[in-house]
Amino acid sequence: MNAVIEKAKLHDCRDAFTAMLEEMAAENGAIVAVCNDSVGSSKLTGFRDRFPERLINVGIAEQDLVGVGAGLANGGKIPFVCGAACFLTGRALEQIKADVAYSDTNVKLVGISSGMAYGELGPTHHSTEDFAWVRAIPNVAVVAPCDNVETASAVAYAAEHRGPVFLRLSRVGVPQLLPDGHEFRLGKADVLREGGDVTLIANGVLTHRAMLAADLLVAEGIAARVLNMASVRPIDEAAIIAAAAETGAILTCEEHTIFGGLGSAVAEVVVDHHPVPMKRLGVPGVFPPTGSANFLLDEFGMSPEGIVASARDLMGRKS
């Protein structure tokens with residue numbers, strides 16, 4: 001798996017995030033950044049150097065981080081509140097709920113190094129519950145871009161969107177999947193590949209693995225539809241219902257626990273509108289151990305070959 005990935009040029013989506021943030025900040029003085037002693041890991045060094053008076057570093061105090069962001073938004077600023085996803089959501093969930101979501105405050109939450117991107121730092125630094133936590137809170141758009149192009153577009157969208165947004169960004173390199181100029185649309189999925197036998201739905205770092213799996217399935221005579229579901233809340237119900245009706249089976253892949261995340265969001269639509277066989281690939285309700293992100297994804301059955309095996313089994317359940 002790793003050899004396949006290494007053949008493509010890989011992009012760190014944090015670079016796309018900060019490049020777009022700096023570009024927008026040069027045009028809009030309301031844009032500010034807030035971080036929790038994470039200037040380096042959030043890739044905000046360039047922003048700090050260009051706009052030193054518009055970067056607020058609160059130190060390792062995530063509850064203050066979100067509270068300061070909410071205060072800045074109430075003062076007319078557009079704050080991008082950045083921190084490791086595991087701490088931004090885990091330590092400050094009450095502030096996200098009360099200060100941002102309940103108040104419908106114009107804060108952009110940026111969860112850096114999401115999923116298992118901090119692999120070697122172990123379970124305390126894995127962020128495999130953030131979709132579930134934030135998706136359950138009203139008013140917050142939840143977005144996990146699949147590549148550098150979608151990251152830049154989603155950041156631009158977030159700046160213009162009135163209301164809270166949670167952007168989930170990994171530090172794990174991914175190939176560019178979408179064409180230059182692609183426009184992110186909240187609540188809309190992208191059909192990356194057409195197919196009528198089974199649907200693979202993924203986002204973030206799993207989307208390119210789903211595409212590789214679809215390539216392998218062709219050799220078995222299986223045409224897999226691939227949906228990039230970057231927008232988890234709101235979710236593209238129409239695309240999911242069409243996939244259920246037209247392919248008869250849906251496999252979801254996510255760098256997250258299988259409880260409450262992308263798979264659960266898709267399953268809610270499927271069970272309400274068009275029940276078909278489904279399988280959710282992800283972390284199976286355990287604390288992921290220590291190891292690189294790519295190693296852990298493979299171990300939890302999300303290598304391209306693992307996705308193929310799950311798709312094959314799933315198709316056996318079709319009526």
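Rules behind the numbers
- Residues numbered from 1 in each chain as written.
- Predicted model: local features only at pLDDT ≥ 70, side-chain atom pairs only at ≥ 80, totals over all residues.
- Heavy atoms only, no water.
- Helix = DSSP H or I, 4+ residues; strand = E, 2+ residues; numbered from the N terminus.
- Rg over C-alpha atoms; globule rule 2.2 N^0.38 Å.
- Buried < 20%, exposed > 50% of the residue type's maximum accessible area, 1.4 Å probe, protein only.
- Contact = heavy atoms within 4.5 Å.
- Lys, Arg positive; Asp, Glu negative; His and termini not counted.
- Charge placed at Lys NZ, Arg CZ, Asp CG, Glu CD.
- Phe/Tyr/Trp six-rings, centres within 6.5 Å; stacked < 30°, edge-to-face > 60°.
- Core = buried A, V, L, I, M, F, W, Y, C linked by side-chain atoms within 4.5 Å.
- Pairing = 2+ DSSP bridges.
- Axes fitted to C-alpha atoms, helices over the stretch in contact; angles between N-to-C directions.
- Right-handed = clockwise from strand over helix to strand, strands pointing away.

Student: Outline the overall build of the protein, listing residues and values.
Tutor: Helices and strands together make up the secondary structure of the protein, namely 13 helices and 12 strands. Taking 2.2 N^0.38 as the reference for a compact globule, 319 residues should give roughly 20 Å; the C-alpha atoms of the protein span a radius of gyration of 19 Å, in line with that estimate. Residue burial in the protein is summarised as follows: out of 319 residues, 59% are buried. Counting only contacts in the protein whose residues sit at least 6 apart along the sequence, the fraction spanning at least 24 positions is 78%. The protein carries 26 positive and 38 negative side-chain charges, and their two centres are separated by 1 Å.

Student: Any details on unusual backbone geometry? Residues and values, ideally.
Tutor: Residue Pro234 is bonded to the preceding Arg233 through a cis peptide linkage, with omega at -5 degrees. Position of Pro234 relative to the elements: it lies in the loop between β10 (231-233) and α10 (237-247). The phi dihedral of Asp37 falls on the positive side, at around 60 degrees, and the residue is not glycine. On the secondary structure map, Asp37 appears in the loop between β1 (31-35) and α3 (45-50). Residue classification places Asp37 among the exposed positions, given a relative accessible area of 52%. Even without glycine at this site, Asn139 takes up a positive phi of about 80 degrees. Inspection of the secondary structure puts Asn139 in the loop between α7 (130-135) and β5 (141-143).

Student: Quick rundown of the packing of aromatic side chains? Include the residues and the values.
Tutor: Enumeration over the complete set of coordinates arrives at 3 aromatic pairs. Measuring from ring centre to ring centre gives 6.4 Å for Phe17 and Phe80, while their planes differ by 45 degrees; the resulting arrangement is tilted. One end of the pair, Phe17, is in helix α2 (residues 13-27); the other, Phe80, is in strand β3 (residues 78-84), and 63 residues separate them in sequence. Since its relative accessible area comes to 0%, Phe17 is described here as buried. For Phe80, a relative accessible area of 0% translates into the label buried. Ring centres of Tyr157 and Phe184 lie 5.5 Å apart, and the angle between their planes is 75 degrees; on these two criteria the pair is classed as edge-to-face. In this pair, Tyr157 is assigned in helix α8 (residues 148-160) and Phe184 in the loop between β6 (165-169) and β7 (190-193), connecting sequence segments 27 residues apart.

Student: Can you break down the environment of Gly90 residue by residue, with the values?
Tutor: Along the chain, Gly90 falls in helix α5 (residues 85-91). Judged by relative accessible area, Gly90 falls into the partly exposed class, the value being 40%. Taking the C-alpha atoms as reference points, Gly90 and Glu129, separated by 39 residues in sequence, lie 8.6 Å from one another. Not counting chain neighbours up to four residues away, the residues in contact with Gly90 comprise Ala85 and Trp133.

Student: How would you summarise the nonpolar core if you had to cite specific residues and measurements?
Tutor: Counting residues in hydrophobic clusters, the biggest one holds 38 residues, and the most contacted among them are Leu109, Ile201, Met229, Ile235, Ile240, Ile250 and Val266. Looking at this core, the elements that each hand over two or more residues are α4 (62-74), α6 (93-101), α7, α10 and α11 (262-273). Sort the elements by how many residues they give to this core and α11 lands first, with 5 residues. Discounting residues that sit within four places of it in the chain, Ile240 has contacts with Ile201, Met229, Ile235, Ile250, Val266, Val269 and Val270. With 32 residues, the next largest nonpolar core counts Ile222, Ala224, Cys253 and Ala311 among its residues.

Student: Please provide a residue-by-residue account of the sheet that holds β10, values included.
Tutor: Reading across from one edge, β2-β1-β3-β4-β6-β5-β10 is the order of the 7 strands in this open sheet, with mixed pairing throughout. On the outer flanks of this sheet lie β2 (55-57) and β10, each paired with one strand and no other. Ignoring strand direction, the axes of neighbouring strands in this sheet form an average angle of 20 degrees. Two strands pair when backbone bridges link them, and β5 and β10 are joined in this way by 2 bridges, in the antiparallel orientation. Note that in β10 the partner of Val142 across the bridge is Arg233. Along the sheet, α4 makes contact with β1, β2, β3 and β4 (108-112), crossing β3 at roughly 170 degrees.

Student: Any details on the pairing of β1? Residues and values, ideally.
Tutor: When you tally the buried positions in β1, you get 5 out of 5 residues, the bulk of the element. With burial as the criterion, each face of β1 is covered, one bearing Ile31, Ala33 and Cys35 and the other bearing Val32 and Val34. Sheet analysis places β1 next to β3, joined by 5 bridges and oriented parallel. Bridging across to β3, Ala33 finds its partner in Phe80. When β1 meets β2, the two strands line up parallel, connected through 3 bridges. In the strand pairing of β2, Ala33 is matched with Leu55. After leaving β1, the chain enters α3 and then returns to the sheet as β2, a path that is right-handed.

Student: For the environment of Val218, give the residues involved together with the corresponding values.
Tutor: On the secondary structure map, Val218 appears in helix α9 (residues 207-218). Spatially, the C-alpha atoms of Val218 and Gly195 are 9.9 Å apart, while their sequence positions differ by 23 residues.

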